[in-house]
Amino acid sequence: MAEFGLYGLAVMGQNFALNVAEHGFTISVCNRSPAKVDVCVERAKAELGDKASNLKGYKDVNEFVQSLAKPRKIMFLVKAGAPVDASIKLFADLLEEGDILIDGGNEWFENTIRRTDEIKDKGIIYMAMGVSGGEEGARNGPSIMPGGDKTGYDAIEPIITKCAAQTDSGPCTTYIGGVGSGNYVKMVHNGIEYGDMQLIAEAYTILKTVGQLENQEISAIFEEWNKAELDSFLIEITYQILAKKDVDVYKSAIKGAELLETDDSAYLVDQILDATGNKGTGKMTIKEGAERAVAVGTMAGALDARFIAFDKDSRKVIAPLISGPTKMPAVDKNQLIEDVRNALYSSKICSYAQGMNLIREASRQYDWGVNLGECARIWKGGCIIRAKFLDRIKSAYDRDENLVNLLVDPDFNKEMAERQQSWRRIVSLCAAAGIPIPSMYSSLAYFDQYRRETLIGASLVQAQRDFFGSHTFERKDKPRGEFYHCKWTDKHNIE
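In short, a report on the structure.

Conventions used here
Residues numbered from 1 in each chain as written. Predicted model: local features only at pLDDT ≥ 70, side-chain atom pairs only at ≥ 80, totals over all residues. Heavy atoms only, no water. Helix = DSSP H or I, 4+ residues; strand = E, 2+ residues; numbered from the N terminus. Rg over C-alpha atoms; globule rule 2.2 N^0.38 Å. Buried < 20%, exposed > 50% of the residue type's maximum accessible area, 1.4 Å probe, protein only. Contact = heavy atoms within 4.5 Å. Areas by Shrake-Rupley, 256 points an atom, 1.4 Å probe, with all protein chains shown as cover. Core = buried A, V, L, I, M, F, W, Y, C linked by side-chain atoms within 4.5 Å. Pairing = 2+ DSSP bridges. Axes fitted to C-alpha atoms, helices over the stretch in contact; angles between N-to-C directions. Expected span 1.5 Å × (residues − 1). Salt bridge = Lys/Arg side-chain N within 4 Å of Asp/Glu carboxyl O. Right-handed = clockwise from strand over helix to strand, strands pointing away. Patch = residues over 30% accessible without salt bridge, like charges linked within 9 Å, V, L, I, M, F, W, Y side chains within 5 Å. Parallel < 35°, antiparallel > 145°, perpendicular 65-115°, else oblique. Left-handed = near helix turned anticlockwise from the far one by under 90°. Nonpolar A, V, L, I, M, F, W, Y, C, P; charged D, E, K, R; others polar. Polar contact = N/O pair within 3.5 Å; in protein donor to acceptor, adjacent residues only side chain to side chain.

## Some details on the overall build of the chain
Thought 1: Each helix and strand counted, the chain has 19 helices and nine strands in total.
Thought 2: Computed over C-alpha atoms, the radius of gyration of the chain comes to 25 Å, within 12% of the 23 Å expected from 2.2 N^0.38 for 495 residues, which places it in the range of a compact globule.
Thought 3: With respect to the three principal axes, the spread of C-alpha positions in the chain is 75 × 70 × 45 Å.
Thought 4: Scored against the burial criterion, the 495 residues of the chain give a buried share of 50%.
Thought 5: Looking at the chain alone, contacts between residues at least 24 apart form 68% of all its contacts between residues at least 6 apart.
Thought 6: Accessible surface, the chain as shown: approximately 24,100 Å² in total, 52% of it carbon and sulfur.

## What to know about the nonpolar core
Thought 1: Counting residues in each nonpolar core, the largest one holds 84 residues, and the members touching the most others are L207, F222, W379 and I393.
Thought 2: In terms of residue count, helix α14 (residues 333-366) provides more of this core than any other element does, 14 residues in total.
Thought 3: In contact with L207, not counting residues within four places along its chain, are Q212, L213, I218, I221, F222, W225, L336, I337 and V340.

## Description of the sheet that holds strand β4 (residues 73-76)
Thought 1: Here we have seven strands laid out as an open sheet, ordered β3-β2-β1-β4-β5-β6-β7, and mixed in their pairing. Here the strands that pair on one side only, and so sit at the sheet edges, are β3 (55-58) and β7 (143-148). On average, each strand axis in the sheet is tilted by 25 degrees relative to the strand beside it, whichever way the strands run.
Thought 2: Here four bridges tie strand β5 (residues 100-103) to strand β6 (residues 125-132), and the two strands are oriented parallel to one another. Paired with I102 across the strands is M127, a residue of β6.
Thought 3: The strands that helix α1 (residues 11-22) touches are β1 (4-7), β2 (27-30), β3, β4, β6 and β7; relative to β1, the one it contacts most, it runs at about 165 degrees.
Thought 4: In the packing of helix α8 (residues 181-209) onto the sheet, the strands contacted are β6 and β7, and the crossing angle to β6 comes to about 15 degrees.

## What about helix α12 (residues 297-310)?
Thought 1: Here α12 spans 20 Å end to end across 14 residues, near enough to the 20 Å set by a 1.5 Å rise per residue.
Thought 2: Within α12 the residues assigned to the buried category are T298, M299, G301, A302, L303, A305, R306 and A309.
Thought 3: For α12, the secondary structure elements touched by its buried residues are α8, α11 (281-292), α13 (312-318), α14 and α18 (438-450).

## Description of the pattern of salt bridges
Thought 1: What the rule picks out here adds up to 40 salt bridges.
Thought 2: In this structure, R139 and E22 form a salt bridge, with 2.8 Å as the shortest nitrogen-oxygen distance. Taken together, the positions of R139 in helix α6 (residues 134-140) and E22 in helix α1 put the pair 117 residues apart, joining distant regions of the chain.
Thought 3: With its nearest N and O atoms 2.6 Å apart, the salt bridge here joins D448 to R451.
Thought 4: A relative accessible area of 16% means that D448 is categorised as buried.
Thought 5: What makes R451 partly exposed here is its relative accessible area of 47%.

## A look at the pairing of β3
Thought 1: In terms of strand pairing, β2 meets β3 through four bridges, oriented parallel. Bridging across to β3, C30 finds its partner in Y58.
Thought 2: Between the parallel elements β2 and β3, the chain passes through helix α2 (residues 35-47) in a crossover that is right-handed.

## Some points on a nonpolar patch on the surface
Thought 1: Together, V317, I318, L321 and I322 make up an exposed nonpolar region whose accessible area comes to about 440 Å².
Thought 2: Inspection of the secondary structure puts I322 in the loop between α13 and α14.
Thought 3: Looking at I322, the relative accessible area reads 58%, which means it is exposed.

## Some remarks on the packing of α12 against α18
Thought 1: Packing of α12 against α18 brings their axes to within 8 Å, and their N-to-C directions diverge by 160 degrees. For the element pair α12 / α18, the angle class is roughly antiparallel. Remark: the crossing between α12 and α18 carries right-handed chirality. Along the contact surface, α12 presents G297, T298, G301, A302 and A305, while α18 presents P438, S439, S442 and S443.

## Some points on the packing of α1 against α2
The geometry of a pair of packed helices is captured by two quantities: the angle between their axes and the separation between those axes.
Thought 1: Direction vectors running N to C along α1 and α2 enclose 40 degrees, while the axes themselves pass 10 Å from each other. In terms of their interaxial angle, α1 and α2 are classed as oblique. For the pair α1 and α2, the sense of crossing is right-handed. Side by side, α1 and α2 meet where Q14, N15, A17, L18 and E22 of the first sit next to K36, V39, C40, R43, A44 and E47 of the second.
Thought 2: Taken together, the residues of the contact of α1 with α2 break down into five nonpolar, two polar and four charged.

## A closer look at the environment of D332
Thought 1: Inspection of the secondary structure puts D332 in the loop between α13 and α14.
Thought 2: Sequence separation between D332 and Q449 is 117 residues; the distance between their C-alpha atoms is 30 Å.
Thought 3: There is a polar contact of 3.0 Å between the side chain of D332 and the backbone nitrogen of N334.

## Observations concerning α11
For an α-helix, the turn length of 3.6 residues means that residues three or four places apart are oriented alike.
Thought 1: Relative to the 16 Å expected for twelve residues at 1.5 Å per residue, α11 spans 16 Å between its end C-alpha atoms, a close match to the ideal helical length.
Thought 2: Buried within α11 we find T281, G282, M284, T285, I286, E288, G289 and R292.
Thought 3: Directly beyond the C-terminal end of α11, a positive phi value near 60 degrees is found at A293.

Distances and angles like these do not, on their own, reveal function.
Quick look at the structure:
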């Protein structure tokens, strides 16, 4: 009898199944379309050597379920939404009390809470498990974020700790917390990913437009940055992308696709249309920031940047009709490079601070018990935002699990103080030159608002709210929690 089952054999599903089998666990696989079962079995034979027999394929769902040892542990990897509900319906009548059903996709956490409640009467343990790292991570070791019933986690823990990415801090997985928490932490991971990518793109934009640097020069700069505090997967792939010439481009990602004829003297990044897409997890994070009343400006700026970039047709119409700065200022290139580095790093800290505070607030409201230091630890390997400085984020929360914000951790606070003049020069420079860097702008605004105990503009906004809507206000000379209303004019009434 197999120790684990996986349903849904697109590339992510196949790769995770092969990962499980390669680590010595027996696994049964199944798919709605039988052809992919054959593909997965053939891949096992080609890639796993003497461990190929650990993976067995089934084209009948009943046979698939019956092939699993009790309590059955079935993970499904399908698109979020209706396909998840269909998968649950498919297995609900085939599983028994104590069996475990695991959603491994990017699902909205509230759907997981609803589904857990709907299926609990059958005695089936329902879990949701964020899996980050893309196709490569699924095959070679992702970051895995499981949430739900602790009994379910304990049953799958021996498997996922072996299959997760491994770092010097241990396997990149842990028990995240209660129902929905795994989805939530993965969602915020993706929101931070949006912020990281946009900040890197802004750094590239400044170096290319203001610094007038060539792609190969910028690639070398990013490669150098990747040897120190900015060491990360996204910086690493950025210097590789910038150095890539316009070659090896195919008309699709399907095997056997036609090779496109290109100019191999040009850089590929310069040929890619400036219309960035998104799949929704960034939007989920920003929505949750608003729902939990947690500022997530760096990530929100990144999402807005994607929306405006994707609106290419409108920009073609609007751009010729709006005037603004066009001449780039003269700069010391070495100073510019150092300033951009410091601005990027400082903004990155703000992005992670926002993400961690969002997780903490949701965990408080839902009583999940999420350990923020452990979140940082399991993001060190396998996932898209893996980075060297996650060690330091973990250390910050290890020192103080109730840390109000990463900005006030002694180490990060010191670094921000050392870098903020560079950061301010970059933001001022770009504002004067008309260069859009929305996430860096938002990051500095976030930093500056939190470093002020008094925000005089906030008092005015609250007064406006009371003037037109009788929303009341608190007073500086009275205890918090006492609310007052002003009769601003003769037209206002006191009831």
